[in-house]
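# Analysis of the macromolecular model
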Amino acid sequence: MQIQPCGPLRGEITVPGDKSISHRAVMLGALANGTTHITGFLMGEDCLSTIDCFRKMGVEINITDDEVIVEGVGLHGLEAPSEALYTGNSGTTTRLLCGILAGQPFTVTMSGDPSIQKRPMGRVMKPLREMGASIEGKNDNFCPLTLFPSELHGIEYRLPVASAQLKSAILLAGLYAEGQTTVIEPAPSRDHTERMFRALGVEIETNGSTITLDPPEDLHAVDIAVPGDISSAAFFLVAGAIIPGSELTIKNVGVNPTRTGVLDVLRDMGADITESNFRDEAEPMCDLTVKYSKLHGVEIGGAIIPRLIDELPVIAVAAAFAEGETVIRDAQELKVKESNRIAAMVAELTKAGVDVEETDDGMIVHGGAKPHGASFETYKDHRIAMSLAVLGLAAEGASRIDEPEVVAISYPDFFNTLERLGD
Ligand code: S3P
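Cut-offs used in this document
- Residues numbered from 1 in each chain as written.
- Predicted model: local features only at pLDDT ≥ 70, side-chain atom pairs only at ≥ 80, totals over all residues.
- Heavy atoms only, no water.
- Salt bridge = Lys/Arg side-chain N within 4 Å of Asp/Glu carboxyl O.
- Helix = DSSP H or I, 4+ residues; strand = E, 2+ residues; numbered from the N terminus.
- Near = heavy atom within 4 Å.
- Polar contact = N/O pair within 3.5 Å; in protein donor to acceptor, adjacent residues only side chain to side chain.
- Areas by Shrake-Rupley, 256 points an atom, 1.4 Å probe, with all protein chains shown as cover.
- Nonpolar A, V, L, I, M, F, W, Y, C, P; charged D, E, K, R; others polar.
- Domains from an automatic or database assignment.
- Pairing = 2+ DSSP bridges.
- Contact = heavy atoms within 4.5 Å.
- Axes fitted to C-alpha atoms, helices over the stretch in contact; angles between N-to-C directions.
- Buried < 20%, exposed > 50% of the residue type's maximum accessible area, 1.4 Å probe, protein only.
- Buried area = accessible area lost by both parts, 1.4 Å probe.
- Disulfide = S-S within 2.5 Å.
- Parallel < 35°, antiparallel > 145°, perpendicular 65-115°, else oblique.
- Left-handed = near helix turned anticlockwise from the far one by under 90°.
- Phe/Tyr/Trp six-rings, centres within 6.5 Å; stacked < 30°, edge-to-face > 60°.
- UniProt positions renumbered as here; feature names shortened; annotations may be inferred.

Moving on to the pattern of salt bridges. Counted by the stated rule, this structure contains 23 salt bridges. One salt bridge connects Glu338 with Arg119, and the closest N-O pair in it is separated by 3.9 Å. Here Arg119 lies in the loop between strand 7 (108–111) and helix 4 (122–130) and Glu338 lies in the loop between strand 21 (324–328) and helix 10 (341–351), a separation of 219 residues in the sequence.

What surrounds the ligand is the set Ser20, Arg24, Thr92, Arg95, Ser163, Ala164, Gln165, Arg190, Ile309, Asp310 and Lys337. Side-chain polar atom of Ser20 to an oxygen atom of the ligand: 2.7 Å apart, as the coordinates give it. One nitrogen or oxygen atom from the side chain of Asp310 is found 2.6 Å from an oxygen atom belonging to the ligand. In isolation the ligand has 390 Å² of accessible area, and contact with the protein removes 95% of it. Secondary structure elements with two or more residues in the shell around the ligand: helix 1 (19–31), helix 3 (91–101) and helix 5 (164–174). Grouping the constituent residues of the shell around the ligand by class yields 2 nonpolar, 4 polar and 5 charged. Built from parts of two domains, the shell around the ligand gets at least three residues from each of domain 1 (2–16 + 227–422) and domain 2 (19–225).

Before going further, it helps to spend a moment on the sheet that holds strand 20 (residues 299–300). Taken in spatial order, the 4 strands of this open sheet run 20-21-23-22, and their pairing is mixed. Of all strands in the sheet, those bounded by a partner on one side alone are strand 20 and strand 22 (355–359). Judged from the 2 bridges that link them, strand 20 and strand 21 form a sheet pairing that is parallel. The partner of Glu299 across the bridge, within strand 21, is Val327. In this fold helix 9 (residues 312–321) packs onto strand 20, strand 21 and strand 23 (362–367), with an angle of close to 25° to the strand it touches most, strand 23.

Attention shifts here to unusual backbone geometry. Here the amide bond leading from Cys143 into Pro144 is cis, since omega sits at 0°, within 30 degrees of zero. Topologically, Pro144 is positioned in strand 9 (residues 142–148). One non-glycine residue, Asp140, lies in positive phi territory at about 55°. Mapped onto the elements of the fold, Asp140 is located in the loop between strand 8 (134–138) and strand 9. On the basis of relative accessible area, Asp140 is assigned to the partly exposed category, the value being 44%.

Our focus in this paragraph is the domain arrangement of the protein chain. Split into domains, the protein chain comes out as domain 1 (2–16 + 227–422) and domain 2 (19–225). For domain 1 and domain 2, the distance between their C-alpha centres works out to 29 Å. Carbon and sulfur atoms make up 50% of the surface buried where domain 1 meets domain 2, a total of about 2,100 Å² over both sides. Summed over the shared surface of domain 1 and domain 2, the number is 3 salt bridges. At the boundary of domain 1 and domain 2, one finds 13 residue pairs in polar contact (both at pLDDT 80 or more). Of the residues that constitute the side of domain 1 that touches domain 2, the class distribution is 12 nonpolar, 4 polar and 9 charged.

Quick look at the state of the cysteines now. For the structure shown, the criterion picks out 0 disulfides. Free cysteine: Cys143, not disulfide-bonded; nearest cysteine sulfur from Cys98 at 7.1 Å.

What follows is about the packing of helix 3 against helix 4. Put simply, helix 3 and helix 4 touch, their axes get as near as 10 Å, and they point 15° apart. Classified by the angle their axes make, helix 3 and helix 4 are roughly parallel. In this structure, helix 3 crosses over helix 4, and the sense of that crossing is right-handed. Touching Arg95, Cys98 and Gly99 of helix 3 are Arg123, Val124 and Leu128, all from helix 4.

Spatially, 1-25-24 is the arrangement adopted by the 3 strands of the open sheet, whose pairing is mixed. In this open sheet, the two strands that pair with only one neighbour each are strand 1 (2–3) and strand 24 (375–376). As paired elements, strand 24 and strand 25 (residues 399–401) share 2 bridges and run parallel to each other. By the bridge assignment for strand 25, Phe376 is matched with Ile401. Against the sheet, helix 11 (residues 382–394) touches strand 1, strand 24 and strand 25, its axis set at about 170° to strand 25.

Going through the model one piece at a time under the given rule, you end up with 5 aromatic pairs. Their ring planes at 70° and their centres at 5.4 Å tell us that Tyr411 and Phe414 sit as a pair that is edge-to-face. Three or more aromatic residues joined by ring pairs make a cluster, and in this case those are Phe235, Phe236, Tyr411, Phe414 and Phe415.

Turning next to the UniProt feature "domain: Enolpyruvate transferase" (unreviewed entry) in the protein chain. The UniProt feature table records "domain: Enolpyruvate transferase" (unreviewed entry) at residues 4–418. Along residues 4–418 the backbone is 30% helical and 26% strand, and the end-to-end C-alpha distance reaches 11 Å.

The next subject is the side chain of Thr260. Within the secondary structure, Thr260 sits in the loop between strand 17 (247–254) and helix 8 (261–268). Among the polar contacts made by the side chain of Thr260, one reaches the main-chain carbonyl oxygen of Pro257 at a distance of 3.3 Å. With residues up to four places along the chain from it excluded, the contact list for Thr260 reads Ile230, Val255 and Arg307.

What follows concerns the environment of Val108. Within the secondary structure layout, Val108 lies in strand 7. When the C-alpha atoms of Val108 and Ala352 are compared, they prove to be 46 Å apart, with 244 residues separating the residues in sequence. With near-sequence residues (within four places) excluded, Val108 lies in contact with Pro81, Leu85, Leu101, Leu145, Thr146 and Leu147.

Given below as structure tokens:
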């Protein structure tokens, strides 16, 4: 696909529903008693993988024009699937399902695409085994994973990485455990699981970095309105901030504080982003307006990293257009995402003439010289593809993106929205 440099981005858009919340809405809806109506659900390939897995375990899920309707089977109502579960490209599906499957009275195998087969699962296997789960994985760390029936008991577990997928897997297994389950986080990661548990009547307490769950008798279905995904909005926030003359409003974006690191960093860089129409339901949301402004380099590291982990590729693009040096550190986790996102962004920014160095846990971007267009590789990674599209829009000259269809993982309409804005 060709990407041409574009003029100012102006107008109002919405972005698709939050990926993390959409996955959890289907999972908890399936385990609840009663019917869950989900509005704003992300119809991306990852969330469709979650739906497919639960359908294979006997859950009726209907997709209409404006809702996903999940007929909950209750905590103990899942059925043994007749074939292996396929989780596609989705780390969230794979890791969270591990927690749920660890507590089932049947044996089940699960695997995904070539990227999923390279992602570490040992981090989930370890605490689940401590809870009594019986799990096998390739080389004890990778998919395919097979989970056998076992009795679980609660544990207290200090997470070695700030990972919401890992935290959620343990808490989901805690639903099936005897006694309390406690996780301690090294830094706050997204808390959508905890919020949704509370909404469904589960007793879960957060005390600083410690989260404790009491296993419930059952979950009570509630309707779920999924806000727009700030991780998808981030592409337009950066595009609006770096393309001269832009003024763009993104409506109904989820602004859960565990996800808003990208707003903090862009503002630190000098971006003009305002919030309006704030409302706080189970998840807070608002409209975000970004206006072009001159950016400057910043240092990004420490506890903010989990609050912007998925936005770092597009933040690296912002850094390329910012005056001075941006240092990203403490971001080793980026190496085990859908691709090695540090290596990928360093290689592709370099192709665009950006002065960038790879480090052990991040990168250093020397920004300010206008990047030029190039023929970019996506590494079959949706967020790399969209970050490079933003780079191409703001660069000098045309660019090419090799596999633009990968955006369907989290944002099927991304290029259509871009085109509409360019009109
Ligand atoms: C997610 C957690 C994060 C994030 C991923 C979604 C979630 O992964 O990168 O896109 O929904 O819990 P980690 O838990 O591996 O940090």
